[in-house]
Amino acid sequence: MRHNFIDRYANLDSPLHVLEARTKILGYLSLIAALLLMPGRNDVVLLVYAFVAAILVGASQVPLGYIVGRSLVILPFVLLAGIAAPWTNSFDGARFMALATRSFLSVTILLLMTSTTPFPELLRGLQKLGCPRILILNLGFLYRYLFVLTEEVLRMRQARDCRRAGRAPPRVELKLLGSMLGSLVLRSFERAERMYQAMLSRGYAGEFPVLAPRRFTWRDLTFLAGIALLIVSSFRYAGR
Amino acid sequence: MTEYAIRITRLSYSYPDGTKALEDVDLDERVALVGPSGAGKSTLLLHLNGVLSGKGMIRVMGKPLGDTALREIRRHVGLVFQNPDDQLFCPTVFEDVAFGPLNLSISPQEIPHRVERALRDVGLDQSIRNRPSHHLSHGERKRVALASVLIMEPDILALDEPSSNLDPRNRRHFIELVASLPSTLVLATHDLGMVMALCPRTALMDRGKIWADGETRRILADARLMEEHGLEVP
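Residues numbered from 1 in each chain as written. Chains lettered and ligands numbered in written order. Predicted model: local features only at pLDDT ≥ 70, side-chain atom pairs only at ≥ 80, totals over all residues.

Looking at this model, I keep getting lost on the overall build of chain B. Mind explaining?
Scanning chain B for helices and strands turns up 10 helices and 11 strands. At 18 Å, chain B has a C-alpha radius of gyration in line with the 17 Å of a compact globule built from 234 residues. Along the first, second and third principal axes, the C-alpha set of chain B runs to 50 × 40 × 40 Å. Residue pairs at least 24 apart in sequence account for 64% of intrachain contacts in chain B once pairs closer than 6 positions are excluded. (Helix = DSSP H or I, 4+ residues; strand = E, 2+ residues; numbered from the N terminus. Rg over C-alpha atoms; globule rule 2.2 N^0.38 Å. Contact = placed C-beta atoms within 7 Å.)

Below you can see the structure in the form of structure tokens.
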């Protein structure tokens, strides 16, 4: 079965892919923070950020269509904000455009982060940055079992479709859905039990061991320095 | 009295919902545990490394199970689960294979070499190590599951339905692979062809009891016995 992997392009070999996970997390998140906190409404600054994002997307070798397509997911939310805007006292088209650009760029940058870093590395990066262990562990299991669960659901749906003709009345449909959900919960529960037994069988004693392959190098330093320079100078420019 | 790798006496276990399983049996060399589904094979395997503990006595490598630290037992007895998706729970293959040795506090410098060797031993390419297990085929996942246990260098290898869901070619490869391993083997299955290829001795298990125990050829040829317990002569 085919899945739409969140980190489908994470195993390419581009200048961005070789960076350490921590570098990318810190770099991209501060870019996003800078974008959102930028004072005033400065089109030149926004243009510069858009330009930088475009360069990063180009350097990442991730297909442009993938990034743009995914970024558009944010559009409905932006439009919603646009619809609400006339009720606030200072609405104008330019303001809306600035808002839309900022949101779109932020999502693009986030996508860049997840599609140039394999999810396991991202987790390791977060952990080294001090994110709670229990959260990392849960995200790790989620990533590992999301697809197993999806397949389970697909199989259950196929089994259901094989045994019925056409649609049943809504009440029956709902009941069917309910029992499917119930059995999915039970199956997951039992799977968790077996997983835990497998963990115990290999000596699990409450601590999840980790090894770290990628190291922080001069490349990471250059990347972070570049981003810091961009942020500081754009703030100075915008604050003038 | 000879010392068996595993000696089980009057073992009984009841699941929280009341189902009973298990019985007397000695396991050594290469033994197959055959029987219909629900016979208690998997339950028995889970007892061998102390994940489940019922009433009765289990001796592993001559020592009663309760006496040795569980961690030690789990090093001696490597258990490979039927479904690799249950066994492989880490984000990448490397982490999964390294999970056991890291828990055994083997020095981190040594781990990559060990992982490399374990993957080679099960016939997998090294390029697989950084991939998430859900990107692998079922056959590959089965091999990774085996590697994740072999890396702990167990004296006793307990395999639960290792050939289930494998296509004929993968099944044959898997059998050849297991045949080439030096460890004591306990094989729970109803794949009787595999039993004949791997195990000189067979114990027939049904409804928690061992009904027959002896030379594989003799047991698998006994049509009445086999049919009585939901199996058939291969």
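Hey, could you run me through the overall build of chain A in this one?
Regarding its fold elements, chain A presents nine helices and zero strands. Computed over C-alpha atoms, the radius of gyration of chain A comes to 23 Å, more than 25% over the 18 Å expected from 2.2 N^0.38 for 240 residues, which places it beyond the range of a compact globule. Taking the principal axes of its C-alpha atoms as reference, chain A extends roughly 65 × 50 × 30 Å. Across the 240 residues of chain A, 22% fall into the buried class. (Buried ≥ 20, exposed ≤ 12 C-beta atoms within 10 Å, placed from the backbone.)

Would you mind showing me how to read the sheet that holds strand β10 (residues 201-206) of chain B here?
Within a sheet, neighbouring strands are paired by backbone hydrogen bonds and run either parallel or antiparallel to one another. Residue and element names in this part refer to chain B. Spatial ordering of the open sheet is given by β7-β8-β9-β4-β10-β11, a layout of six strands whose pairing is mixed. Strand pairing shows two members of the sheet lacking a second neighbour, β7 (77-80) and β11 (209-215), which therefore form its edges. The average angle at which neighbouring strand axes cross in this sheet is 15 degrees, direction not considered. Inspection of the sheet shows strand β8 (residues 156-160) paired to strand β9 (residues 184-189) by five bridges, in the parallel sense. Bridge assignment links L157 to a residue of β9, and that residue is L185. (Pairing = 2+ DSSP bridges. Axes fitted to C-alpha atoms, helices over the stretch in contact; angles between N-to-C directions.)

How should the interface of chain A and chain B be read in this particular structure?
Accessible area lost when the parts come together is the quantity often used to give the size of an interface. On the chain B side, the residues contacting the 23 residues of chain A number 25 residues. Elements supplying a minimum of two residues to the side of chain A that touches chain B: α6 (119-128), α7 (133-162) and α8 (170-201) of chain A. Among the elements that make up the side of chain A that touches chain B, the one with the highest residue count is α8(A) (eight residues).

Would you mind going over the packing of helix α4 (residues 75-84) of chain A against helix α5 (residues 93-116) of chain A with me for this structure?
For any two helices packed against each other, the geometry is given by the interaxial angle and the distance between the axes. Residue and element names in this part refer to chain A. Relative orientation of the contacting elements α4 and α5 amounts to 160 degrees, with a least axis distance of 10 Å. The orientation of α4 with respect to α5, classified from their angle, is roughly antiparallel. The interaxial crossing formed by α4 with α5 has right-handed handedness. Here V78, A81 and G82 of α4 lie close against α5, whose contacting residues are F96, L99, A100 and S103. For the contact of α4 with α5, a count of residues per class yields five nonpolar, two polar and no charged. (Parallel < 35°, antiparallel > 145°, perpendicular 65-115°, else oblique. Left-handed = near helix turned anticlockwise from the far one by under 90°. Nonpolar A, V, L, I, M, F, W, Y, C, P; charged D, E, K, R; others polar.)

What should I look at first to understand unusual backbone geometry in this one?
Note: most residues except glycine have negative phi, and most peptide bonds are trans. Residues and elements named next belong to chain B. Of note, the phi angle at E161 is positive, near 45 degrees, even though the residue is not glycine. The residue N165 is not glycine, and still its phi comes out positive at about 65 degrees. Note that N165 resides in the loop between β8 and α7 (168-179). On the basis of neighbour counts, which here come to 14 C-beta atoms within 10 Å, the residue N165 falls in the partly exposed class.

Would you mind showing me how to read helix α9 (residues 218-238) of chain A here?
A turn of α-helix holds 3.6 residues, and therefore any two residues three or four places apart point the same way. All names here are of chain A. The terminal C-alpha atoms of α9 lie 30 Å apart, and with 21 residues this matches the ideal 30 Å at 1.5 Å per residue to within 8%. The complete set of buried residues in α9 reads D220, F223 and S234. Taken end-on, α9 shows its buried residues confined to a sector of 80 degrees, consistent with a single buried face. Of the residues in α9, the exposed ones pointing more than 90 degrees away from the buried face are W218, L221, T222, A225, L229, V232, S233 and R236. (Expected span 1.5 Å × (residues − 1). Arc of directions from axis to C-beta.)

Explanation requested: the environment of A:C162 in the structure shown.
Topologically, A:C162 is positioned in helix α7. Each C-alpha atom of the pair A:C162 and A:L47 lies 54 Å from the other, and the pair is 115 residues apart in sequence.

Sorry if this is basic, but what is going on with the pairing of β7(B) here?
As a general feature of sheets, a regular strand has side chains that alternate between the two faces. All names here are of chain B. Covered by surrounding structure in β7 are V77 and L79 together with G78 and V80, the residues of both alternating faces. As paired elements, β7 and β8 share four bridges and run parallel to each other. In the sheet register, V80 faces β8, and the bridge partner there is L159.

What is the right way to look at the nonpolar core in this model?
Burial of nonpolar side chains together is a common tendency in soluble globular proteins. Counting residues in hydrophobic clusters, the biggest one holds 68 residues, and the most contacted among them are B:L33, B:V97, B:A147, B:A158, B:V186 and B:L187. Sorting elements by how many residues they give to this core places helix α6 (residues 138-150) of chain B first, with six residues. Each residue touching B:L33, except ones within four places of it in the same chain, is listed here: B:K41, B:L44, B:V186, B:L187, B:A188, B:A203 and B:M205. If you look at the next biggest cluster of nonpolar residues, it comprises 19 residues, including A:Y28, A:Y49, A:A53 and A:V57. (Core = buried A, V, L, I, M, F, W, Y, C linked by C-beta atoms within 7 Å.)

Before we go on, may I ask you to explain the pairing of strand β1 (residues 6-14) of chain B in this structure?
Residue and element names in this part refer to chain B. With three bridges connecting them, β1 and strand β3 (residues 25-27) associate as antiparallel partners. Note that in β3 the partner of I8 across the bridge is V25. In this structure, β1 lies alongside strand β5 (residues 55-60), joined through five bridges in antiparallel fashion. Note on β5: the bridge partner recorded for I8 is I58.

Would you explain the confidence of the model for chain A in this entry?
Do not read the predicted coordinates in detail wherever pLDDT is low. Per-residue pLDDT for chain A has a mean of 83; in total, 90% of the residues score no lower than 70. By mean pLDDT, the top-scoring element of chain A is helix α1 (residues 21-37) of chain A (91), and the lowest-scoring one is α4(A) (78). (pLDDT = per-residue confidence, 0-100.)

Could you clarify how one ought to interpret the confidence of the model for chain B in this entry?
A residue-level look at chain B finds 94% of positions with pLDDT of 70 or above and a mean pLDDT of 85. Scored by ipTM, the complex comes to 0.78, with pTM at 0.75.

Any chance you could explain α1(A) here in plain terms?
All names here are of chain A. With 17 residues, α1 extends 24 Å from end C-alpha to end C-alpha; this agrees with the ideal 24 Å at 1.5 Å per step. Within α1, burial applies to A21, R22, T23, K24, G27, Y28, L31 and L35. On its buried face, α1 sits against α2 (43-60), α5, α6 and α9.

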